[in-house]
Every structure is written in structure tokens, then in C-alpha cells.
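# Working through the structure, step by step
Listed here are the chains, written in short residue letters.
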Amino acid sequence: MDVVLSVSAGGWNRWGERFVKRQPLSRIQHLIPAAVTAEAAKLAIIKAVTAAGAGGRVIMNVGHGAGGGPLLPTEGSFEMAPGGTLRIGGRGVQNCFVDVFYDVKPSAVALSDLEFDQKNNPTSQRLAHWQLYQEIAAAFKKTKPRELILLTCRVGNATEFLRKVANDWGVVITAYRQRVALTEDVVTSAGKITRHFYLHLENDNPLTKLAADLVIYEEEIPLSSKDTFRVGPPLN
């Protein structure tokens, strides 16, 4: 199955509804509230992974991402829940739930931050957050979906950060180098109002397209190989 996990606000779930409607036998949508705890978000993610099943796809449609510009390839972030509740970050990125390089030794003889906390600070918040990150990883490794698609902005530029997550979780990650946008178009005809929600990259404005092409923007994820980065086993 393709399982899209959408935030139930801002129209993103309305796009998810159209995405599912296009192929209802192989697609489903799960919703996550706009306000959620990290524990509840973890459970929602694991539920989506389990529903996708072996060989399925998990499509995260819940929050923001960052990468590129002044950020190094090891730096970047993406949200696994709305409002920054479960923000996964690269090396040294501030205000993240977890730094995915927490378990990496800075040198052959130095302790990793994880090892330091295990030895000196076993009740630290960083250790607790790392445990939740590992529980998500365990769900991916147990279920074995073939792909995780991140509908978040520009994190596809953070190539080494994504490589670390993909290998931690044992899944191919697909991410975009451009901003992912949702454009609402309100059409009034004969007194009837119809709302369309187009999912697209910032460099591909759907409102400049022919009407026949707009179906794709309503019912599929952005299709742009030049703006997409994919990494993870077996794409290491």
C-alpha cells in the first residue's frame, strides 16, 4: 500500500483525499492532528509504516523541512509531526527533537555523544529522544516498506543527513530539493464553489498549466527527477 500520513489542517489532507481517490485499492490516508505529542506522533508513524507493509510506500505529508543554502550536506531537518513536535535534525542543527549523528564518534578514540550520555547522564532527555527515534527505526526495519517519501521543503539538499537516516531506518528515502507547496484554487461556476488543492514544487506553478494537466497536481506526488534526491539501502 501507499500510505500518506497527512496533517488534518491547511488543506494538506484534502490533497491526500484526492491522492487516495485516484487509486483507492492501493492507497490510504492516515491523519495526524495539528497539535500532537511526540509519543502520539511516534505511534501514528508506526501505524502508517505497518499499514504500508513490506514493499509499500510511506508518504509523510505533515510538516516542514530544511536543507541547502548555507547548510552543509550533514545539516538539514524534516518534521515527522506538525508544529515541529518531532523534528529530525542533522549535525548541530538547533531546536530538533533528535540529532541523527548522536551515535557517531567524532574520532576513533573519542566517545560519541550517545556513549557519553549512557556513561555519564543516563536520564538525559537526549537519550530518551534517541530511544523514540530507534523505535521508529525498528518499525521500518521490521515491516520493510520499500520507500519513505518526504513531502517537505528542500531537505533533499541535505544529502548526508538523509543518508544517515535512511541507513538508520533501513529504507530508501525520497526527498525534494525545492520547496513543496500546496496551492488552493477556488472555482465558482453557476453558483457552485469547487476547491482544488494542487501539490507541487515551487518552481512548477500548477496554475500556469492546461486544465487537462491539473489532474496530476491534484492526485499524484510531484514528479521531477531533477529536483529529487533518493538514498538508502540499496542506494548507498
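The structure presented is a predicted model; accordingly, all values stated were derived computationally and were not measured. (Residues numbered from 1 in each chain as written. Predicted model: local features only at pLDDT ≥ 70, side-chain atom pairs only at ≥ 80, totals over all residues. Heavy atoms only, no water.)

This part covers the pattern of salt bridges. The tally for this structure, following the rule as stated, stands at 21 salt bridges. Of the charged contacts in the structure, one is a salt bridge between Asp 113 and Arg 126, with a shortest N-O distance of 3.7 Å. Here the residue Asp 113 occupies a position in helix α3 (residues 113-120), and Arg 126 occupies one in helix α4 (residues 125-143), the gap between them amounting to 13 residues. Using a relative accessible area of 41% as the deciding quantity, one classes Asp 113 as partly exposed. Members of the salt-bridge network, linked through shared partners, are Asp 2, Arg 18, Arg 22, Arg 27, Arg 57, Glu 218, Glu 219 and Glu 220. (Salt bridge = Lys/Arg side-chain N within 4 Å of Asp/Glu carboxyl O. Helix = DSSP H or I, 4+ residues; strand = E, 2+ residues; numbered from the N terminus. Buried < 20%, exposed > 50% of the residue type's maximum accessible area, 1.4 Å probe, protein only.)

The next point concerns the confidence of the model for the protein. A low pLDDT means the predicted coordinates there should not be read in detail. Averaged over every residue, the pLDDT of the protein is 94; residues scoring 70 or more account for 100%. Per-element mean pLDDT across the protein ranges from 86 in strand β10 (residues 180-189) up to 98 in strand β8 (residues 147-150). (pLDDT = per-residue confidence, 0-100.)

Take the state of the cysteines next. Using the criterion set out here, one finds zero disulfides in the structure. Looking at Cys 96, it has no disulfide partner, and the nearest cysteine sulfur is the one in Cys 153, 15 Å off. For Cys 96, a relative accessible area of 21% gives the class partly exposed. When its relative accessible area of 12% is taken as the criterion, Cys 153 is described as buried. (Disulfide = S-S within 2.5 Å.)

Further remarks concern the packing of aromatic side chains. Under the defined criterion, the tally for this structure stands at six aromatic pairs. Pairing Phe 78 with Phe 161 gives two aromatic rings, centres 5.7 Å apart and planes at 45 degrees, and the pair type is tilted. Taken as a pair, Phe 78 in strand β5 (residues 77-79) and Phe 161 in helix α5 (residues 159-169) lie far apart in primary sequence, 83 residues in all. Ring centres of Tyr 133 and Trp 169 lie 5.5 Å apart, and the angle between their planes is 45 degrees; on these two criteria the pair is classed as tilted. Taken together, the positions of Tyr 133 in helix α4 and Trp 169 in helix α5 put the pair 36 residues apart, joining distant regions of the chain. Neither residue differs from the other here; Tyr 133 and Trp 169 are each classed as buried. (Phe/Tyr/Trp six-rings, centres within 6.5 Å; stacked < 30°, edge-to-face > 60°.)

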